Amino acid sequence: MWSIVLMGLAGLLVGGALSFRQQHKPLWTQIGFYTLAGMSLLAAYLLTLPGS
């Protein structure tokens, strides 16, 4: 269940990063959003491993 929520959160974060790119916002905001999305996907993957 939580892995699905984290994958959805990652999708929202990537969408936010793309939105900031279109609005010509600072690069660090885009990098931050992509980093958080990657961490969210990693956490979702780790939750699917056996024993967790």
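The notes below deal with the structure included here. (Residues numbered from 1 in each chain as written. Predicted model: local features only at pLDDT ≥ 70, side-chain atom pairs only at ≥ 80, totals over all residues. Heavy atoms only, no water.)

With that out of the way, let us pick up the overall build of the protein chain. For the protein chain, the count of helices and strands is 2 helices and 0 strands. Taken against the 2.2 N^0.38 rule, which gives 10 Å for 52 residues, the C-alpha radius of gyration of the protein chain at 13 Å runs more than 25% over that of a compact globule. Overall, the protein chain is about 45 × 15 × 10 Å in size when its C-alpha atoms are taken along their principal axes. Out of the 52 residues in the protein chain, the part that is buried amounts to 21%. Per element, the accessible surface of the protein chain, about 4000 Å² overall, is 75% carbon and sulfur. (Helix = DSSP H or I, 4+ residues; strand = E, 2+ residues; numbered from the N terminus. Rg over C-alpha atoms; globule rule 2.2 N^0.38 Å. Buried < 20%, exposed > 50% of the residue type's maximum accessible area, 1.4 Å probe, protein only. Areas by Shrake-Rupley, 256 points an atom, 1.4 Å probe, with all protein chains shown as cover.)

Here the structure, examined in full by the defined rule, presents 1 aromatic pair. Taken together, a centroid distance of 5.1 Å and an interplanar angle of 85° make the contact between Phe-20 and Phe-33 edge-to-face. Taken as a pair, Phe-20 in helix 1 (residues 2-22) and Phe-33 in helix 2 (residues 27-48) lie far apart in primary sequence, 13 residues in all. Under the relative-accessibility criterion, Phe-20 is labelled partly exposed at 24%. (Phe/Tyr/Trp six-rings, centres within 6.5 Å; stacked < 30°, edge-to-face > 60°.)

Attention now goes to unusual backbone geometry. Its identity as a non-glycine residue notwithstanding, His-24 has a phi of 55°, on the positive side. Along the chain, the position of His-24 falls in the loop between helix 1 and helix 2. Note on His-24: relative accessible area 73%, which makes it exposed.

Now for helix 2. For helix 2, with 22 residues, the first-to-last C-alpha span of 32 Å sits near the 32 Å given by 1.5 Å per residue. Every buried residue of helix 2 is listed here: Thr-29, Gln-30, Ala-37, Ser-40 and Ala-44. Along the long axis of helix 2, the arc covered by the buried residues comes to 105°, so they all point the same way. Set apart from the buried face of helix 2 by more than 90 degrees, the exposed residues are Leu-27, Trp-28, Met-39 and Tyr-45. (Expected span 1.5 Å × (residues − 1). Arc of directions from axis to C-beta.)

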